[in-house]
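# Structural description and commentary
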Amino acid sequence: MRCYVGIDLGSTTTKAVILGDDGGILGRGITNSRSNYDLAAKVAREEAFITARFGLLRQEVEAAAGTELLERLLKAFRMSQTLAQLERTHELIAAEVEHTVAERLRKSTLAVVEDMIRVIADEEVIWFEDPDPPARSDFFRDTAGSAYMRLAEERGDPAGVSFDLLVGLYDKCIIKVENEPLELGFSDHIDAALARIGDPLVVREAVEKAAGTEFDEVSCVGTGYGRARLPFPKEQIRSEILCHGLGAHAMFPDTRTVLDIGGQDTKAIQVDGHGIVTSFQMNDRCAAGCGRYLGYIADEMNIGLHELGPLAQKSTRTVKINSTCTVFAGAELRERLSLGEKRENILAGLHRAIILRAMSLLARSGGIDDEFTFTGGVARNPAAVKALRDLTEENYGDRTLNISADSIYTGALGGALFARREAQGS
Amino acid sequence: MATDSADSVVQKDRSMVLQKNMIAEHFKRLERAPESGEPVVYTFVPGNLTELIRSFDALPLLPEINALQSGMRGKSKDYIAEAERAGHSEDVCTYVKCDIGMLKSGNIGPTGTKLPKPDLLLLSYTGCYTFMKWFELLREEYDCPTVFLQIPYQGDGELEPEHRKYIVDQIEADLIPAMEKISGKKYDEDKLKHHLGLAAEAEDDLVAVLHSAKNRPSPIDSYFGGVYYVGPIFSAFRGTEEGVEYYRELRKEVEARVAAGLGPVTPDGSLDEQDYRLVVEGPPNWTSFREFWRMFSEEKAVVVASTYTKVGGTYDLGFRHDPSDPLGTMADYCGGCYTNLNMPSRIDMLVNYIKDYSADGFVINSVKSCNSFSAGQLMMLREVEKRTGVPGAFIESDLVDPRYFSAANIKNRLESYLQMIDARRQRTAS
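Since we're looking at a predicted model, the values are computed, not measured. (Residues numbered from 1 in each chain as written. Chains lettered and ligands numbered in written order. Predicted model: local features only at pLDDT ≥ 70, side-chain atom pairs only at ≥ 80, totals over all residues.)

### Description of the nonpolar core
Among the nonpolar cores identified, the biggest contains 217 residues, and Ile18 and Ala416 of chain A together with Val279 of chain B are the most heavily contacted of them. Residue-level mapping places this core at the junction of two domains, with at least three residues from each of domain 1 (14-187) and domain 2 (192-429) of chain B. Ile18 of chain A has contacts with Cys3, Val5, Leu26, Gly27, Ala48, Phe49, Ala52 and Ala416 of chain A, leaving out every residue within four places of it along the chain. (Core = buried A, V, L, I, M, F, W, Y, C linked by C-beta atoms within 7 Å. Buried ≥ 20, exposed ≤ 12 C-beta atoms within 10 Å, placed from the backbone. Domains from an automatic or database assignment. Contact = placed C-beta atoms within 7 Å.)

### Considering the pairing of strand 3 (residues 120-125) of chain B
Residues and elements named next belong to chain B. In terms of residue burial, strand 3 counts as a mostly covered element, since six of its six residues are buried. Bridging between strand 3 and strand 4 (residues 146-150) involves five bridges; their strand directions are parallel. Looking at the pairing, Leu122 lines up with Val147 of strand 4. Viewed along the sheet, the connection from strand 3 through helix 6 (residues 129-142) into strand 4 turns out right-handed. (Helix = DSSP H or I, 4+ residues; strand = E, 2+ residues; numbered from the N terminus. Pairing = 2+ DSSP bridges. Right-handed = clockwise from strand over helix to strand, strands pointing away.)

### A word on helix 3 (residues 63-72) of chain B
Residue and element names in this part refer to chain B. The buried fraction of helix 3 amounts to 10 of the 10 residues, a majority that puts the element mostly inside the structure. The complete set of buried residues in helix 3 reads Pro63, Glu64, Ile65, Asn66, Ala67, Leu68, Gln69, Ser70, Gly71 and Met72. On the buried face of helix 3, the contacting elements are strand 1 (40-43), helix 4 (76-85), helix 5 (94-104) and helix 12 (289-297). Phi turns positive one or two residues past the end of helix 3, at Gly74, with a value near 70°.

### Topic: the interface of chain A and chain B
At the junction of the two partners, chain A supplies 15 residues and chain B supplies 16 residues. Looking at the side of chain A that touches chain B, the elements that each hand over two or more residues are helix 8 (240-251) and strand 7 (277-282) of chain A. Here the residues of the side of chain A that touches chain B are counted per class, giving six nonpolar, five polar and four charged. (Nonpolar A, V, L, I, M, F, W, Y, C, P; charged D, E, K, R; others polar.)

### Quick notes on the domain arrangement of chain B
Residues and elements named next belong to chain B. For chain B, the assigned domains read domain 1 (14-187) and domain 2 (192-429). Placing a centre on the C-alpha atoms of domain 1 and another on those of domain 2 gives a separation of 23 Å. On the domain 2 side, the residues contacting the 52 residues of domain 1 number 48 residues. Its residues assigned to classes, the side of domain 1 that touches domain 2 shows 26 nonpolar, 19 polar and seven charged.

### Side note on unusual backbone geometry
Cis geometry is found at the peptide bond from Asp370 of chain A to Glu371 of chain A, where omega equals -5°. As for its position among the elements, Glu371 of chain A is in the loop between helix 12 (343-365) and strand 8 (372-375). At the junction of Arg216 of chain B and Pro217 of chain B, the peptide bond is cis and its omega measures out at -5° in the coordinates. Along the chain, Pro217 of chain B turns up in the loop between helix 8 (189-211) and helix 9 (226-229). Backbone geometry at Asp199 of chain A places phi at a positive 50°, although glycine is not the residue there. Relative to the elements of secondary structure, Asp199 of chain A occurs in the loop between helix 6 (186-196) and helix 7 (201-212). Residue class for Asp199 of chain A comes out exposed when judged on the 12 C-beta atoms lying within 10 Å of it. Its identity is not glycine, yet Asp57 of chain B carries a phi of approximately 55°, on the positive side. Here Asp57 of chain B shows up in the loop between helix 2 (50-55) and strand 2 (59-61). Given 14 C-beta atoms within a 10 Å radius, Asp57 of chain B is considered partly exposed.

### Thoughts on the pairing of strand 2 (residues 13-20) of chain A
Residue and element names in this part refer to chain A. Of all eight residues that make up strand 2, seven are buried, and the element is covered over most of its length. Bridge count for strand 1 (residues 2-9) against strand 2 is seven bridges, and the pairing is antiparallel. For Asp8, the partnering residue across the bridge sits in strand 2 and is Lys15. Here strand 1 folds back onto strand 2 in antiparallel fashion, the turn holding three residues. Examined bridge by bridge, strand 2 and strand 3 (residues 25-32) share seven bridges and lie antiparallel to one another. Of the residues in strand 3, the one forming a bridge with Ile18 is Gly27. If you look at the hairpin formed by strand 2 and strand 3, you'll find four residues sitting between the two strands, and Gly23 has a positive phi there, around 90°.

Set out below in structure tokens:
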């Protein structure tokens, strides 16, 4: 099967999209960018090919056994991957203990770690088997990390092993886990996943068919903040501004204005009826008002990034935040909290503040035309979306605001479209 | 305006060597001035009256040239820090801070020679309010005579006859007596005319060089190379024999490159294959000048016209120093510098450059610490886009403060912009 790949190497996450010959999306993959860009690109690509194979499976399995079985298979597959990563983390921590921990502490440390890993594994199984699991980060580093911290706090001291030692071990080893190419591909885990759902024959046949399909990668285009680091020749690299423009056009063909808020870039883009960029503005010198700003605020409040938006939505009023500097906004946050202001009201103000910065870029790029598409990681945040909707209405009147559930893949999609366009010569 | 190119460009043309020697010799003369008795006049590039200064056998010294040279030589960071310690805030023009910092650090000029104190501060106010404050600071420091020529801003797009008379009156009433006093010499109109004649000669050759960018490939880069080309005429050498010789030589070299079908010499060699012809508005960044240039040359982008190379005179729009009306021509010159033009005139200039030089695009480098240049640039961008149908790019940096040059950000914008031009070309072709 001929296919085209787009990879968007962002400062926070790396995304990959695979397109078929007809331009339809075959698969998508995402991973955290870590410090190793090459590996991040490899992992995202691998992930995208896994979803592409599940895409092939879907039709067969759905027709024969319904969607439920397929969803269960997908979850079982993810669980198998997660448990493999957890096991590898355990191995590395154990080795680290042997090398670096004083002998008198070794045994107790190993015992606590083993106990913790076992609990995390059990919790993972419960999460994956839950038909409606609580929201959490997409990345192993975050989910395993938060469980590990919680357990280290509970179980370290009673066993005579300090919290700091346990956390130090995790921090050191998680980097290794992330930066070594683990076998997480389709063929590595599909059998375990099949076994877990009882190995139904109809699914096994479909799996074999999907696994046997060859993907013929015709071309690949890389984009994003780290694009210069991608191991691609220059002709295969596109600016993320062009990719976001084209990606947004593909998702919503009537798009004329695109706002992308990523980890450290905010871009306001105007496109024509073909998705070609006609004008753009982006933040300069300072990344205040980008995704990292929210990450910093989440850290300050000691909550997860994905919890920020929902919390802000509970606000009863919007506190005015003046600082455009991330660090000063953090100080303002603490001051407001000390004055007794509710967290959710302050958060509503912070979301409005970052969207106000985006509004300035939008104005400078030529305003907000109809239709208007919001992309990037921050488009997943409901409070940011609400602030954008409100400010768009206030400043430009009625505009159709498009947000795709897959908006984080917009850049990678644009890249894949460029790859396809060039290969097909259109 | 860069004035010392020879050691930083790969291939050395004779004009480069000439320029290097001229500059070195000038700074040596400045260093000897306290002993030789040659009076020293500090003045700014826009509206500089070099011919008049020379006619009194005095030497001009240009603080903003020193500042940009310090930027190119990696010294501005420390000078700026020194000025900030002395109480100048982060938002002040970085040329000023660099100059003040240099002064506080012993006043050693860009070529390593000691700079003399001024005998006169001559300010021709040409659209930059900061110049005024700058010389106020220097006056405080040196306690020397100051002449402040008030040049009316071309708010309506031209210099009115009463404006011209107003400037001429000031030259007669204030400047000439002040020059006579510091030099001990009488005003000599014939000598002034001689210098003005030499100025016009060099201006003709410079304009020929600038117009050469209409060729394909363009034999020059009118921004990154342009700042070297305007160096002598914008600084101390307009109206001098050396200046005439330099521009004669430069013109010959450029004409030879046209005949050979060659492009300009860039930090990476000759740029003969040119994929993008651009017009640039705004000053360059000096602290990362070569890196900045490379971002263009690596993409095979050549600058065919720029407005910054007109801050010391808009010769390519037709102005020439006219020896038959010595004081009037100096008034015209001061009024017509790029910084003294209103927004519609600046927009017209960009629009005409895009058309006359068949440009594919235009780039605005908006400079953080220069409000005279930067205010209104986005409006200019939109207007030029509307009138030409050519898309513009907007990048941001600073003159000599290295803290405001974010290479990754600028490169990203520039690459995106050039790819945007590509995408539009492909669209038009299909």
